[in-house]
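Structural overview
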Amino acid sequence: MNPPGETPPAEGSIGEAHEERADGGLWEHPGVWTALIVLGALVVAGFFLARIFGYG
């Protein structure tokens, strides 16, 4: 018999506590990827605008 208030072993959760994995650093943050994509799009757009207005 288990004391009152304690969950019997057969009825408890089967999940175990887990540690969170370490932060992946700079490359795991979506803002970095978004900034790189936006910067690349601006560079390409700038190239085409420069061609339209006669630069290059």
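Residues numbered from 1 in each chain as written. Predicted model: local features only at pLDDT ≥ 70, side-chain atom pairs only at ≥ 80, totals over all residues. Heavy atoms only, no water.

Broken down by element type, the chain carries one helix and zero strands. The buried share of the chain, taken over its 56 residues, is 0%. Carbon and sulfur atoms provide 66% of the accessible area of the chain, an area that totals close to 5500 Å². (Helix = DSSP H or I, 4+ residues; strand = E, 2+ residues; numbered from the N terminus. Buried < 20%, exposed > 50% of the residue type's maximum accessible area, 1.4 Å probe, protein only. Areas by Shrake-Rupley, 256 points an atom, 1.4 Å probe, with all protein chains shown as cover.)

Before going further, it helps to examine the UniProt feature "transmembrane region" (unreviewed entry) in the chain. The feature "transmembrane region" (unreviewed entry), as given by UniProt, occupies residues 32-53 in the numbering adopted here. Secondary structure across residues 32-53 comprises 95% helix and 0% strand; the distance between its end C-alpha atoms is 31 Å. (UniProt positions renumbered as here; feature names shortened; annotations may be inferred.)

This next bit is on a nonpolar patch on the surface. Together, L26, W27, W33 and L36 make up an exposed nonpolar region whose accessible area comes to about 460 Å². Residue placement: W27 occurs in the segment before α1 (30-52). (Patch = residues over 30% accessible without salt bridge, like charges linked within 9 Å, V, L, I, M, F, W, Y side chains within 5 Å. Salt bridge = Lys/Arg side-chain N within 4 Å of Asp/Glu carboxyl O.)

For the structure shown, the criterion picks out one aromatic pair. When the centroid spacing of 5.4 Å and the interplanar angle of 75 degrees are considered together, the rings of F47 and F48 count as edge-to-face. Judged by its relative accessible area of 47%, F47 is partly exposed. (Phe/Tyr/Trp six-rings, centres within 6.5 Å; stacked < 30°, edge-to-face > 60°.)

What follows is about α1. Here α1 spans 33 Å end to end across 23 residues, near enough to the 33 Å set by a 1.5 Å rise per residue. Just beyond α1, the residue with positive phi is G54, at close to 90 degrees. (Expected span 1.5 Å × (residues − 1).)

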